Amino acid sequence: MSLLVKGRPQGREIVKVTPASAGWKHVGFEALRLAPGERLQLVLPDGREGCLVVLTGSADVLADAQRFEHLGGRASVFDERAPDAVYAPPGTRFEVTAHDAVELALATAPASGKLPVRLLPAAGMKRSVRGQGSNTRYICDILPETEPAESLLVVEVVTPAAHSSSYPPHKHDTDRLPDESALEETYYHRIDPPQGFAFQRVYTDARDLDESMAAGDHDVVMVPRGYHPVVMPHGYRGYYLNVMAGPRREWHFRNDPAHDWLMT
């Protein structure tokens with residue numbers, strides 16, 4: 001099975017990954033588009049928490065009895081501002097009403113329902129710069145370890161044209177804390193301009209998994225295990241939304257020893 005899931009150019013559902021379709025246990029992801037004035041209803045399954053991210057456009061979000069108005073507002077995921085998001089426990093009923101053209105992402109992962117619905121406002125999200133030179137990229141922590149959740153970790157990254165990202169190649173597929181944690185991961189790619197592509201490779205030390213892909217606009221790359229670097233070609237900048245989840249909600253990674261010299 002390919003690790004590349006192609007996005008649909010038209011229709012409400014852009015792309016969807018479930019634990020069943022991915023062949024793993026933890027991460028669920030879907031991206032959706034709404035026309036101006038369109039209304040969408042979603043229900044989180046029993047046993048799965050969710051993080052609803054307003055990627056572009058503006059929308060009102062009703063999460064059970066809590067109403068959040070005019071969330072989002074970005075014209076593009078490449079705007080230099082964070083998104084708004086809503087965290088919700090299992091069984092939450094969402095109703096989303098789009099004010100203009102809206103793109104949404106819904107990340108899910110296992111949970112028992114310990115935490116209530118809450119707004120994750122753009123103003124409270126940490127934005128940072130990681131790397132240097134042609135390895136520079138721009139990070140926005142949507143739902144990091146420092147924010148309460150049971151399983152989910154959610155972050156978005158913008159990679160300039162001709163830069164690498166998730167680099168040096170690193171992995172987090174072994175439960176060996178504090179050195180490494182086991183986390184499944186999805187990459188939801190957006191490309192500017194949209195006719196471009198990102199290169200992503202997923203590979204293990206033993207090379208029993210070694211797949212290289214050209215991910216287009218709205219495509220998802222699944223990372224069940226192994227190293228997973230991304231490179232943007234000249235002329236095209238990349239965005240990806242990462243969703244991670246595993247047995248423990250901690251992100252500890254191991255660089256590929258062959259490339260760890262790049263950190264010195």
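## Quick look at the packing of aromatic side chains
- Per the counting criterion, the structure on display carries six aromatic pairs.
- Seen in terms of ring centroids, F197 and F199 are 5.1 Å apart; in terms of plane orientation they differ by 75 degrees. Their pairing is edge-to-face.
- In this structure F199 comes out as partly exposed when scored by relative accessible area, which is 43%.
- Here the aromatic rings of Y203 and Y227 are separated by 5.0 Å at their centres, their planes lie at 40 degrees, and the arrangement is tilted. On the criterion of sequence distance, the pair formed by Y203 in strand β19 (residues 198-203) and Y227 in the loop between β21 (220-223) and β22 (230-231) is long-range, its members being 24 residues apart.
- In this structure Y227 comes out as buried when scored by relative accessible area, which is 0%.

## Quick notes on the sheet that holds β22
- Across the sheet, four strands lie side by side as β14-β22-β19-β20; this open sheet has antiparallel pairing. In the strand order of this sheet, the two ends are held by β14 (164-165) and β20 (210-215), each with one partner.
- Strand direction decides the pairing type here: β19 and β22, joined by two bridges, are antiparallel. Bridge pairing links F199 to V231 in β22.

## Here's the deal with the pattern of salt bridges
- Inspection of every chain in the model, using the stated rule, returns 19 salt bridges.
- Here R190 ties to E103 by a salt bridge, and the two come within 2.7 Å at their closest N and O atoms. Placement of the pair is R190 in strand β18 (residues 184-192) and E103 in strand β9 (residues 102-110), with a sequence separation of 87 residues.
- Taking relative accessible area as the criterion, E103 reaches 7% and is therefore assigned buried.
- Salt bridges linked by common partners bring K171, D173, R176 and E180 together as one network.

## Points about the environment of E180
- Following the sequence through the fold, E180 ends up in strand β17 (residues 180-182).
- Residues E180 and M213, spaced 33 residues apart in sequence, show a C-alpha to C-alpha distance of 25 Å.
- In contact with E180, not counting residues within four places along its chain, are K171, H172, D173, T174, D175, H252 and R254.
- A distance of 3.4 Å separates a polar side-chain atom of E180 from the backbone nitrogen of T174.

## Details of the layout of surface pockets
- If you add up the space inside the largest pocket, you get close to 830 Å³.
- Lining the largest pocket are 41 residues, and of these R130, R137, I139, W251 and F253 sit closest to its centre.
- When residues of the lining of the largest pocket are traced back to their parent elements, those giving at least two are β11 (126-130), β12 (137-143), β13 (153-159), β14, β18 and β23 (237-245).
- Ranked by the residues each element gives to the lining of the largest pocket, the list is headed by β12, at five residues.
- Residues that form the lining of the largest pocket fall into these classes: 20 nonpolar, 14 polar and seven charged.
- A volume near 290 Å³ is recorded for the second largest pocket.
- In the lining of the second largest pocket, the residues fall into nine nonpolar, two polar and seven charged.

## Section: a nonpolar patch on the surface
- A surface patch of nonpolar side chains, about 240 Å² in accessible area, is lined by F197, F199 and V231.
- Within the fold, F199 resides in strand β19.

## Here's the deal with the sheet that holds β18
- Judged by pairing direction, the sheet is antiparallel, and its seven strands sit side by side in the order β1-β21-β18-β23-β13-β12-β11 without closing on themselves. The open sheet terminates on both sides in strands that have one partner only, identified here as β1 (4-5) and β11.
- Here five bridges tie β11 to β12, and the two strands are oriented antiparallel to one another. Looking across to β12, one finds that K126 is bridged to D141.

## Overview of the environment of L55
- Tracing the sequence through the fold places L55 in strand β5 (residues 48-63).
- Judged by its relative accessible area of 0%, L55 falls in the buried class.
- Counting along the chain gives 19 residues from L55 to R74, while the straight-line C-alpha distance between them is 7.2 Å.
- In this view, L55 contacts R74, V77, E103, L104, A105, Y188, Y239 and L241; residues no more than four positions away in its chain are not counted.

## Here we look at unusual backbone geometry
- Cis geometry marks the peptide bond from Y167 to P168; its omega dihedral reads 0 degrees.
- Mapping P168 onto the fold places it in the loop between β14 and β15 (170-171).
- Of note, the bond from L177 into P178 is cis; its omega dihedral lies within 30 degrees of zero at 10 degrees.
- Tracing the chain through its elements places P178 in the loop between β16 (173-176) and β17.
- One non-glycine residue with positive phi stands out, namely S166, at about 50 degrees.
- If you trace the backbone, S166 turns up in the loop between β14 and β15.
- Judged by its relative accessible area of 5%, S166 is buried.
- Look at H218: it is not a glycine, yet its phi comes out positive at around 80 degrees.
- Relative to the helices and strands, H218 is located in the loop between β20 and β21.

Here is what the cut-offs are and how they apply
- Residues numbered from 1 in each chain as written.
- Predicted model: local features only at pLDDT ≥ 70, side-chain atom pairs only at ≥ 80, totals over all residues.
- Heavy atoms only, no water.
- Phe/Tyr/Trp six-rings, centres within 6.5 Å; stacked < 30°, edge-to-face > 60°.
- Buried < 20%, exposed > 50% of the residue type's maximum accessible area, 1.4 Å probe, protein only.
- Helix = DSSP H or I, 4+ residues; strand = E, 2+ residues; numbered from the N terminus.
- Pairing = 2+ DSSP bridges.
- Salt bridge = Lys/Arg side-chain N within 4 Å of Asp/Glu carboxyl O.
- Contact = heavy atoms within 4.5 Å.
- Polar contact = N/O pair within 3.5 Å; in protein donor to acceptor, adjacent residues only side chain to side chain.
- 1 Å grid on protein atoms, 1.4 Å probe; cavity = no way out; pocket = protein on both sides within 12 Å on 5 of 7 lines; lining within 4 Å.
- Points joined across faces, edges and corners; volume = space filled by probe spheres on them.
- Nonpolar A, V, L, I, M, F, W, Y, C, P; charged D, E, K, R; others polar.
- Patch = residues over 30% accessible without salt bridge, like charges linked within 9 Å, V, L, I, M, F, W, Y side chains within 5 Å.
- Areas by Shrake-Rupley, 256 points an atom, 1.4 Å probe, with all protein chains shown as cover.

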